[in-house]
Amino acid sequence: MENYNVPMTTKRIETLVDGIFAIAMTLLVLSLNVPQLIYPATDIAVIHSLSAMLQQFFIYFMSFILLALFWRINHTQFYFIKKANQTILWINIIWLSLIALVPFSTNLVGSYGYLKVPIIFFDLNLFFIGVLFSLNWYYADKKNFLDKNADKKMIKSRKKANLALPSLALIAIGLSFISPEWSSLVYFALFFINSHKFFN
């Protein structure tokens, strides 16, 4: 019987990650629907329609930037993760299923961002992405899959930083009961948290 716990290289996981991110980031634009105006349209009507889509543009750009940030963090983590097994593989597969869900949750918010449920759905999507981010790094460290020369302080710092996304998602869920439209602004704190030298 095949031993599914035998360590393997991380290259195929990284290739899969790159492909899923490329597709997910491309699909995000589908959350933006071209305004359907009565012919003959006017410039004023177009401007008015685009203005009404400001929240959709906001959630699109924020989701795109967040996905880029997640890709960057994952890439950096796997620079230090030198081995993998079936558990690491499945953590990443489940994580990627949540990454692939981001275009849908973004579209949901773009269409119904004035309601709490779509916002909470989006926040839960990011919450579980953050949880699996943290689990991936924690498990790799526990199994000694990290580069033997990796700085211990950096490993500990990364564990703390990985808690930022799920924590911010919970804060965003709380804020959605006060102001659903703008509760997602809290995620921009990730850019300050992840400006640590670990990502340079």
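None of these values were measured; they are calculated from a predicted model.

Side note on the overall build of the protein chain
Right, on to step 1. Along its length, the protein chain carries 8 helices and 0 strands.
Right, on to step 2. Its helices and strands taken in sequence order, the protein chain reads α-α-α-α-α-α-α-α from the N to the C terminus.
Right, on to step 3. Along the three orthogonal principal directions, the C-alpha set of the protein chain runs to about 65 × 35 × 30 Å.
Right, on to step 4. Counting all 200 residues of the protein chain, 44% fall into the buried class.

Things to note about the packing of aromatic side chains
Right, on to step 1. By the definition in use, this model includes 11 aromatic pairs.
Right, on to step 2. Consider the rings of Phe104 and Phe121, whose centres lie 5.8 Å apart with planes at 80 degrees: the pair is edge-to-face. In this pair, Phe104 is assigned in helix α4 (residues 86-112) and Phe121 in helix α5 (residues 116-142), connecting sequence segments 17 residues apart.
Right, on to step 3. An aromatic cluster is present here, built from Phe21, Phe70, Trp95 and Phe133 joined pairwise through their rings.
Right, on to step 4. Directly above the ring of Tyr79 sits Lys82, whose terminal nitrogen or CZ lies 5.1 Å from the centroid.

Some thoughts on the UniProt feature "transmembrane region" (unreviewed entry) in the protein chain
Right, on to step 1. Here the UniProt-annotated "transmembrane region" (unreviewed entry) positions come out as residues 20-39, 45-69, 89-113, 119-140 and 161-178.
Right, on to step 2. In residues 89-113, helix accounts for 96% and strand for 0%; the two terminal C-alpha atoms are 34 Å from one another.
Right, on to step 3. Across residues 161-178, helical content stands at 78% and strand content at 0%; the span's end C-alpha atoms are separated by 27 Å.

Let's talk about helix α7 (residues 164-176)
Because each turn of an α-helix spans 3.6 residues, side chains separated by three or four positions end up pointing in the same direction.
Right, on to step 1. Look at α7: 18 Å from first C-alpha to last across 13 residues, which is about the 18 Å you get at 1.5 Å a residue.
Right, on to step 2. Along α7, the residues classified as buried are Ala164, Leu165, Pro166, Leu168, Ala169, Ala172, Ile173 and Ser176.
Right, on to step 3. Looking at the buried positions of α7, the neighbouring elements they touch are α3 (54-80), α5, α6 (152-161) and α8 (189-193).

Regarding the confidence of the model for the protein chain
Right, on to step 1. When pLDDT is averaged along the protein chain, the result is 86, and 92% of the positions lie at 70 or above.
Right, on to step 2. Put simply, α8 is where the protein chain has its lowest mean pLDDT, 78, and α5 is where it has its highest, 95.

Notes on unusual backbone geometry
Right, on to step 1. Here Asn144, not a glycine, exhibits a phi torsion of approximately 60 degrees, which is positive.
Right, on to step 2. Checked against the element boundaries, Asn144 lands in the loop between α5 and α6.
Right, on to step 3. Judged by relative accessible area, which is 55%, Asn144 ranks as exposed.

Here we look at the packing of α5 against α7
Right, on to step 1. As a packed pair, α5 and α7 sit with axes 8 Å apart at the nearest point and diverge in direction by 170 degrees. Judged on the interaxial angle alone, α7 and α5 are roughly antiparallel. For the pair α5 and α7, the contacting residues are Lys116, Ile119, Ile120, Asp123, Leu124, Leu126, Phe127, Ile129, Gly130 and Val131 in the first and Leu165, Pro166, Ala169, Leu170, Ala172, Ile173 and Ser176 in the second.
Right, on to step 2. For the contact of α5 with α7, the residue count by class is 13 nonpolar, 2 polar and 2 charged.

Details of a nonpolar patch on the surface
Right, on to step 1. Among the surface-exposed residues, Ile23, Leu27, Val29 and Leu30 lie close enough to one another that they form a single nonpolar patch of about 360 Å² accessible area.
Right, on to step 2. Of note, Ile23 is situated in helix α1 (residues 11-27).

Parameters at a glance
Residues numbered from 1 in each chain as written. Predicted model: local features only at pLDDT ≥ 70, side-chain atom pairs only at ≥ 80, totals over all residues. Heavy atoms only, no water. Helix = DSSP H or I, 4+ residues; strand = E, 2+ residues; numbered from the N terminus. Buried < 20%, exposed > 50% of the residue type's maximum accessible area, 1.4 Å probe, protein only. Phe/Tyr/Trp six-rings, centres within 6.5 Å; stacked < 30°, edge-to-face > 60°. Lys NZ or Arg CZ within 6 Å of the ring centre and 35° of its normal. UniProt positions renumbered as here; feature names shortened; annotations may be inferred. Expected span 1.5 Å × (residues − 1). Contact = heavy atoms within 4.5 Å. pLDDT = per-residue confidence, 0-100. Axes fitted to C-alpha atoms, helices over the stretch in contact; angles between N-to-C directions. Parallel < 35°, antiparallel > 145°, perpendicular 65-115°, else oblique. Nonpolar A, V, L, I, M, F, W, Y, C, P; charged D, E, K, R; others polar. Patch = residues over 30% accessible without salt bridge, like charges linked within 9 Å, V, L, I, M, F, W, Y side chains within 5 Å. Areas by Shrake-Rupley, 256 points an atom, 1.4 Å probe, with all protein chains shown as cover. Salt bridge = Lys/Arg side-chain N within 4 Å of Asp/Glu carboxyl O.

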